Amino acid sequence: MFLKCHPRIKDGKEHRYWSVVENRRCGRGKFVQRKVLYLGEINDSQRESWCRTIEVFDEKRERSMPLALFPADRQLPNFAAGFGVQVRLKEMELHRPRQWGACWLACHLYEQLGLDEFWAECLVDSREGTCWQHILQTLVCYRLIDPGSEWRLHRQWFEQSAMGDLLDEDYSLVEKNALYRCLDKVLKHKEQLFGHLRQRWQDLFGVRFEVLLYDLTSTYFESDPAFEETDKRQFGYSRDKRPDCVQVVIGLIVSPEGFPLAYEVLPGNTSDKTTLREFLRKIEEQYGKAERVWLMDRGIPTEEVLAEMRASVPPIYYLVGTPKGRLSKLEADLLERPWQSVRPGVEVKVLPQENELYVFAQSQDRLNKERAMRRRQLKALWKRLGQLQQMKLKARELLLKLGEAKGRYRAAWRLIELQLPEPTTEAISSFSFALNRQKLRQARRREGRYLLRTNLSGRDPAQLWEFYIQLVEIEAAFKNLKDDLALRPIFHQLEHRIEAHIFVAFMAYCLHVTLRARLRPLAPGLSPRAVLDKFAAIQMLDVHFPTTDGRTVILSRYTHPEPDHKLLLEQLNLTLPAQPPPRISSRGKLLNQN
């Protein structure tokens, strides 16, 4: 990189502008010049009538002051005495490159949701001057951009990011104990934040919350210390395939567009079907009674809760999946009903029963997918059983290998009948297996089909089916929380900090959803993660110019946006802020860096 002058004639006078330029190889030994930083006009025109000054922060005086910059190879004009400084342009240095673009975008989303104003009221600065709201903002942006532990934020990430520049804070902001103490202060404001976010999404995107999606997931811990019975960290059914770890269960409510309305952290051994009644009560207490539609998976509601929802005033509507056992009971009645097309490749049958409506749906795409999965499993299981049949194995060894095959091909195993010989200590190779064709025909009839249950009488079957497929939004929310925002595993040991960790991840997901909502009408195929990664390429550097009197002029500058950055900024209606003002160090001492 090197410094380049750009002379321009303006108003009949010569102006000289400066920028940092790098040579980039473009192939076949050729180089092109790329502007990295624009520094503007930093020298005099040798004419008093148009001498330019800049405002810089003087560390010694602790205030801003005007300063005129002149190159060191020229005599300082008499009129510039007292505010003129000669800089050694050839000794220009670039210091402390750090990620700026994604941090700025995350802060913009944070402010767009009004979280800065909300937490300014809830988190008052300490007597020692600790700014808790800026610590929390750093934790949330960190979770969105490059999630990791608080220790990593303290030791590595903050220094490599421009969060300090954007918040006008130094490294003391992320002192390790301050990060943990901040987590201790936020959890009591959770319910209040739910109401604030609901109002912001209504104002920004016109979101309505008449239809609610409800589901549960689990997240695990790597450690396994001894816990009290009242602790939420318990062993239970793990959706993360980690039954060896203790866990907590997270219940989440989102809108069909994916905007979260509320969540709750439950003990790790909580059964899904015991949670719905409490969530119904909490939503009613916080937002009042209303005619809401709840969309849920088949394992969540019980018959008692569904009866309470039907008897509620006003009624609480639901649309839930139904276990396959109920399909066997209704199969005869459904066979007499005609198919109705709701969209190309999707057909439904409607069966009214008492105060409910059953919707039997058939999707050709889902049928093809499930049939291909079943064929693939059955083919692999058949091959494995053939291999075992050729082996000389003792009874115990054979049973172990058959158990391994059953665990690997569980869906196909139900379609196979095995004939095992009497157990002996001798080698066995005489077991036989065959395909149960009756079970195969039954499986084929149910592939690509599922039964829904609702008390929404009189609704169009197409609308009911479209309601149900919106459950993919809550599955996407869990995927983003666990993978993109690295919710798991959790390393905290104190229960309230575990819940605060999930709370911070929830706020980061709110920023993620806000960015996705802004992208959806402009570029539906562009994910929030892709945009954050793109903006992360915009770096900030400190440009140091030594002066002849032993000081250093420091210009913190973010790099020039590339064309794709400019396109995103234009489409999202965003404007980059002005470059930070220059600073000047005291003689023989550099400014304290953020």
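Our subject is the structure that appears above.
Presented here is a report on the structure given in the accompanying data block.

**Quick notes on the sheet that holds strand β11 (residues 293–296)**
Strand pairing in a sheet takes place through backbone hydrogen bonds and is either antiparallel or parallel in direction.
In step 1: In space, the nine strands of this open sheet follow the order β10-β9-β8-β11-β12-β18-β15-β14-β13, with mixed pairing throughout. The two strands at the open ends of the sheet, each matched to only one other strand, are β10 (260–267) and β13 (340–343). Within this sheet the neighbouring strands show an average axis-to-axis angle of 25 degrees, counted without direction.
In step 2: Relative to strand β18 (residues 449–454), strand β12 (residues 317–321) runs antiparallel, the two being bridged by three bridges. Looking across to β18, one finds that Gly321 is bridged to Leu452.

**Things to note about unusual backbone geometry**
In step 1: Of note, the bond from Val313 into Pro314 is cis; its omega dihedral lies within 30 degrees of zero at -10 degrees.
In step 2: For Pro314, the position within the fold is in the loop between α9 (303–311) and β12.
In step 3: Of note in the backbone geometry, Ala486 takes a positive phi value of approximately 50 degrees without being a glycine.
In step 4: Within the secondary structure layout, Ala486 lies in the loop between α16 (472–484) and α17 (495–519).
In step 5: One non-glycine residue, Asn573, lies in positive phi territory at about 60 degrees.
In step 6: Along the polypeptide, Asn573 turns up in the loop between α19 (563–571) and β21 (583–584).
In step 7: Judged by its relative accessible area of 69%, Asn573 is exposed.

**As for the pairing of β12**
In step 1: For β12, the tally of buried residues reaches five of five residues, placing the bulk of the element in the interior.
In step 2: Where burial is concerned, the two faces of β12 agree: the one with Tyr317, Leu319 and Gly321 and the one with Tyr318 and Val320 are both buried.
In step 3: Where β11 and β12 come together, four bridges link them in parallel fashion. By the bridge assignment, Met296 is partnered in β12 with Val320.

Definitions and limits used
Residues numbered from 1 in each chain as written. Predicted model: local features only at pLDDT ≥ 70, side-chain atom pairs only at ≥ 80, totals over all residues. Heavy atoms only, no water. Pairing = 2+ DSSP bridges. Helix = DSSP H or I, 4+ residues; strand = E, 2+ residues; numbered from the N terminus. Axes fitted to C-alpha atoms, helices over the stretch in contact; angles between N-to-C directions. Buried < 20%, exposed > 50% of the residue type's maximum accessible area, 1.4 Å probe, protein only.

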